Amino acid sequence: MTTNESRAAAAAPKARTANLARTLGLWSIVGLGLGYMTPTVVFDTFGNVAVETNNAVPAAYAVALIVIGFTAISYGKMVRVIPSAGSAYTYVRESMHPGLGFLVGWTSLIDYLLLPMVNALILRSYMVALFPDVPAWIWVVVFTAAVTGIIYVTMRGTSNANMILLVFSIAVMAVFVVMVVIQLIQGAGSGTVASVEPFFHPDVEFGAVLAGATIVCFSFIGFDAVTMYAEEAKSPKTMPRAILLTVLVGGAIFLVAGYFTQLRFPSYDAFPPEAIADSTLPEIGSQVGGIWLQSVLTAAGFAATLASWLASHASVARMLLVMGRNGVLPKKLFGYISPRTHTPAFTVVLVGLVSLTAIAFTLEQIVDYINYGALIAFTFVNISVIAYFAIRRNRRHTPRDILAYIVMPAIGMVLTGLLWVNLDSHALVVGLIWTGLGVLYLLVLTRGFRRPVASFDENQPVTGFNKIVEPGPRSQI
């Protein structure tokens, strides 16, 4: 006879298991990726990239799109065979070596830690443009405290809220493009809506465009975050398409916005130096449509940036929590979960303190540091395809396999490596020091490579802010 106790015992394992609900369709996942990428960032970095490329911003985006496109294809190949939520370090660990995977994860950690700082710097520039008499550092403190407080209380989010913010931002960008087209027809800027000069003119050098592509590569960071939603996709088969679509749609938005902005502002001399160093978005809005467009464009950028900040802050806090749980970092601190809020209190506050250091930096400086880690991760994802398919699974004997699993990832590897060596020298030095510290730390953790290395991740997502976990209100991390 089946008793209540036996039924409860049989049900107990299910109650303890928090499974991710498969609720996300193709375009929901693409929307999450685009939201993480923050489309309005094209206006924030426009002045800086225009200086670097000698006024060929769209050319830099075109080169970056090609490079990231090859890497996106490699991500799609790896997510098919390793469909659990993970990222570059997961793929490297599974296809090559746990130690190498650790180092890729360690290097990528610099991206996660600094992404909230980027959002702090962008919001600071918006507020300074609107309230020039208020000291800039105050905005960093206020917004960092607010975001940290929100994440401290709860780490949950919804794809619906992200989609609303994304649609609003893209709608405002569309209005901006229409206004620019009208002004170009009327003779403003280049005085034409069709020109090759945003991509090529006599003063453009390929080396400068490559340096610009290295900067705007930052704009695409987030496309790889959609791999974290593999366990929530309605069909795992949609993931490769979602990754590639995120890159292509995001790249199209950047190219269109960059192209018309470059035509409207043929020279970076239109912007003051302080705007170029931080963000040219408020200045672009002001010159195209006066105070009202400046306000609306800034509001769109503000909404997109705030959403990205919440996501990136929650992501890295959770990643540090998992590293603490797995023994990669001291467990007592990094593995601590507040019994009151059910969130990783220490890591949330730690990320907030790191974000506060945005007071002392410019957007240009932080972007270079982030790109160091991102390009390392992208390079190793391409290598992972070769290691897993061509070497481990011996798929290298037919023309199709050679093209898919050797030639294409090799092209992606070379292209991302090319961008990496074009990084600012200071970013390379700081990044290499960070990687060196990772090697030393790995030696300590493994006692000279005599014991297995702990992983960065576990069987549940480590970097997803928009996760829906079932069951119960306590599944909030």
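Just so you know, these numbers come straight off a predicted model, no measurement behind them.

**Digging into the overall build of the chain**
Phase 1 of the analysis: When helices and strands are counted, the chain shows 18 helices and two strands.
Phase 2 of the analysis: Of all 477 residues assigned to the chain, the portion counted as buried reaches 56%.
Phase 3 of the analysis: Residue pairs in contact within the chain that sit at least 24 positions apart in sequence constitute 84% of those at least 6 positions apart.
Phase 4 of the analysis: Surface exposure of the chain reaches about 19,500 Å², of which carbon and sulfur atoms provide 67%.

**Some thoughts on the packing of helix 13 (residues 281-325) against helix 15 (residues 345-356)**
Between two packed helices, what matters for the description is the angle formed by their axes and the separation of those axes.
Phase 1 of the analysis: Axis separation between helix 13 and helix 15 bottoms out at 8 Å; the angle between their running directions is 125°. In terms of orientation, helix 13 and helix 15 fall into the oblique class. Considering only the axes of helix 13 and helix 15, their crossing is right-handed. Across the interface between the two elements, Trp 309, His 313, Val 316, Ala 317, Leu 320 and Leu 321 from helix 13 touch Thr 347, Val 348, Leu 350, Val 351, Gly 352 and Ser 355 from helix 15.
Phase 2 of the analysis: Grouping the constituent residues of the contact of helix 13 with helix 15 by class yields eight nonpolar, four polar and no charged.

**Quick word on the side chain of Asp 44**
Phase 1 of the analysis: With respect to the secondary-structure elements, Asp 44 resides in helix 3 (residues 41-44).
Phase 2 of the analysis: With no salt bridge to any partner, buried Asp 44 finds its closest opposite charge in Arg 124, at an N-O distance of 11 Å.
Phase 3 of the analysis: In this structure the side chain of Asp 44 is engaged in a polar contact, spanning 2.8 Å, whose partner is the side chain of Tyr 126.
Phase 4 of the analysis: With residues up to four places along the chain from it excluded, the contact list for Asp 44 reads Ile 122, Tyr 126, Asp 278, Ser 279, Thr 280, Leu 281 and Leu 363.

**Some words on unusual backbone geometry**
Phase 1 of the analysis: In this structure, Asn 394 is a non-glycine residue whose phi angle is positive, near 60°.
Phase 2 of the analysis: Residue position: Asn 394 is located in the loop between helix 16 (363-392) and helix 17 (399-421).
Phase 3 of the analysis: The class of Asn 394 is partly exposed, set by a relative accessible area of 38%.
Phase 4 of the analysis: The phi dihedral of Arg 447 is positive, around 50°, even though this residue is not glycine.
Phase 5 of the analysis: Relative to the helices and strands, Arg 447 resides in the loop between helix 18 (425-445) and strand 2 (469-470).

**A word on the packing of aromatic side chains**
Phase 1 of the analysis: Within this structure, the stated rule accounts for 20 aromatic pairs.
Phase 2 of the analysis: Considering the side-chain rings of Phe 102 and Trp 106, the 6.3 Å spacing of their centres and the 20° angle between planes classify their relative orientation as stacked. Here Phe 102 and its partner Trp 106 are both found in helix 7 (residues 98-130), four residues apart, which amounts to about one turn of the helix. Across the pair, Trp 106 and Phe 102 agree in class, each one buried.
Phase 3 of the analysis: Seen in terms of ring centroids, Phe 265 and Phe 271 are 5.0 Å apart; in terms of plane orientation they differ by 45°. Their pairing is tilted.
Phase 4 of the analysis: Pairwise contacts between aromatic rings join Phe 102, Trp 106, Trp 434 and Tyr 441 into one cluster.
Phase 5 of the analysis: In this structure, Arg 264 is placed above the aromatic ring of Phe 265, and the distance from its NZ or CZ to the ring centre is 5.0 Å.

**Notes on the nonpolar core**
Phase 1 of the analysis: Ranked by internal contacts, the top residues of the largest apolar core, which has 135 residues, are Phe 43, Phe 176, Phe 223 and Leu 320.
Phase 2 of the analysis: A per-element tally of this core places helix 7 first, with 18 residues.
Phase 3 of the analysis: Non-local contacts of Leu 320, meaning those with residues more than four positions away in its chain, are made with Leu 109, Leu 113, Leu 329, Phe 334, Thr 347, Leu 350 and Val 351.

**Side note on the side chain of Thr 238**
Phase 1 of the analysis: Its location among the elements puts Thr 238 in the loop between helix 10 (206-220) and helix 11 (239-264).
Phase 2 of the analysis: Leave out the neighbours within four places in its chain, and Thr 238 touches Leu 26, Ile 29 and Ala 233.

**Let's talk about the pattern of salt bridges**
Phase 1 of the analysis: If you walk through the whole model with that rule in mind, you get three salt bridges.
Phase 2 of the analysis: We note a salt bridge from Asp 401 to Arg 395, for which the minimum N-O separation is 3.4 Å.
Phase 3 of the analysis: The exposure class assigned to Arg 395 is partly exposed, which follows from its relative accessible area of 30%.

**Examining a nonpolar patch on the surface**
Phase 1 of the analysis: A contiguous nonpolar patch, built from Val 429, Ile 433, Leu 437, Val 439, Leu 440, Leu 443 and Phe 449 and spanning about 630 Å² of accessible area, is present on the exposed surface.
Phase 2 of the analysis: Mapped onto the elements of the fold, Leu 440 is located in helix 18.
Phase 3 of the analysis: By relative accessible area, which is 51% here, Leu 440 ends up exposed.

**Things to note about the environment of Gly 250**
Phase 1 of the analysis: Relative to the assigned elements, Gly 250 resides in helix 11.
Phase 2 of the analysis: Considered as a pair, Gly 250 and Pro 39 are 211 residues apart in the sequence and their alpha carbons are 6.9 Å apart.
Phase 3 of the analysis: Setting aside residues up to four positions removed in sequence, Gly 250 forms contacts with Leu 34, Met 37 and Leu 245.

**Observations concerning the confidence of the model for the chain**
Detailed reading of the predicted coordinates is not advisable wherever pLDDT falls low.
Phase 1 of the analysis: Across the chain, the average pLDDT comes to 83, with 86% of residues at 70 or higher.
Phase 2 of the analysis: Taken together, the stretch residues 1-20 has pLDDT below 50 and engages in 15 contacts with residues farther than four places along the chain or on a different chain.
Phase 3 of the analysis: Confidence over residues 458-477 falls short of pLDDT 50; this stretch has 77 contacts with residues more than four positions distant or in other chains.

**As for the environment of Thr 435**
Phase 1 of the analysis: Among the secondary structure elements, Thr 435 is positioned in helix 18.
Phase 2 of the analysis: Taking the C-alpha atoms as reference points, Thr 435 and Ser 108, separated by 327 residues in sequence, lie 9.6 Å from one another.
Phase 3 of the analysis: For Thr 435, the residues in contact, after removing those within four places along its chain, are Trp 106, Thr 107 and Tyr 372.

Thresholds, definitions, all that
- Positions within a chain are numbered from 1, following the residues in the order the chain's sequence is written.
- Where local features are concerned, this predicted model is filtered to residues with pLDDT of at least 70; where side-chain atom pairs are given and counted, the filter is 80 or more; whole-chain, interface and lining totals use all residues.
- Note that water and hydrogens are dropped before the side-chain values are worked out from all heavy atoms of the structure.
- Put simply, DSSP marks the helices as runs of H or I at least four residues long and the strands as runs of E at least two long, and each gets a number from the N terminus on.
- Under the scheme applied here, a residue whose accessible area is under 20% of the maximum for its type counts as buried, over 50% as exposed, and between as partly exposed, the area being computed with a 1.4 Å probe on protein chains only.
- Residues count as neighbours in contact if any of their non-hydrogen atoms are within 4.5 Å of one another.
- Only the protein chains shown count as cover for residues, and the accessible areas themselves come from Shrake-Rupley with a 1.4 Å probe.
- Here the axes come from fitting lines to C-alpha atoms, over the contacting stretch only for helices, and the angles between their N-to-C directions go from 0 to 180 degrees.
- The labels follow the angle: roughly parallel below 35 degrees, roughly antiparallel above 145, roughly perpendicular from 65 to 115, and oblique for the rest.
- Less than a right angle of anticlockwise turn of the near helix away from the far helix marks a crossing as left-handed, whereas a clockwise turn marks it as right-handed.
- Three classes are used: nonpolar for Ala, Val, Leu, Ile, Met, Phe, Trp, Tyr, Cys and Pro, charged for Asp, Glu, Lys and Arg, and polar for all others, with Gly counted as polar.
- His is not counted here, nor are the chain ends, while Lys and Arg score as positive and Asp and Glu score as negative.
- One side-chain nitrogen of Lys or Arg within 4 Å of one carboxyl oxygen of Asp or Glu is enough to make a salt bridge.
- Polar contacts, as used here, are pairs of N or O atoms within 3.5 Å; protein pairs need one atom able to donate a hydrogen and one able to accept it. Residues neighboring in sequence count only if both atoms are side-chain atoms.
- Geometry of aromatic contacts follows a simple scheme: Phe, Tyr and Trp rings, the Trp one being its six-membered ring, pair when their centres are within 6.5 Å, and the pair is stacked under 30 degrees between planes, edge-to-face over 60, tilted otherwise.
- Remark: a charge is flagged as sitting over a ring if the NZ atom of Lys or the CZ atom of Arg is within 6 Å of the ring centre and within 35 degrees of the ring normal.
- By convention a nonpolar core is built from buried Ala, Val, Leu, Ile, Met, Phe, Trp, Tyr and Cys residues, the set being connected through side-chain atoms within 4.5 Å.
- Two distance rules govern patches: like charges are joined within 9 Å, and nonpolar side chains (Val, Leu, Ile, Met, Phe, Trp, Tyr) within 5 Å, applied only to residues with over 30% relative accessible area and no salt bridge.
- pLDDT: the predictor's confidence for each residue, scored from 0 to 100.

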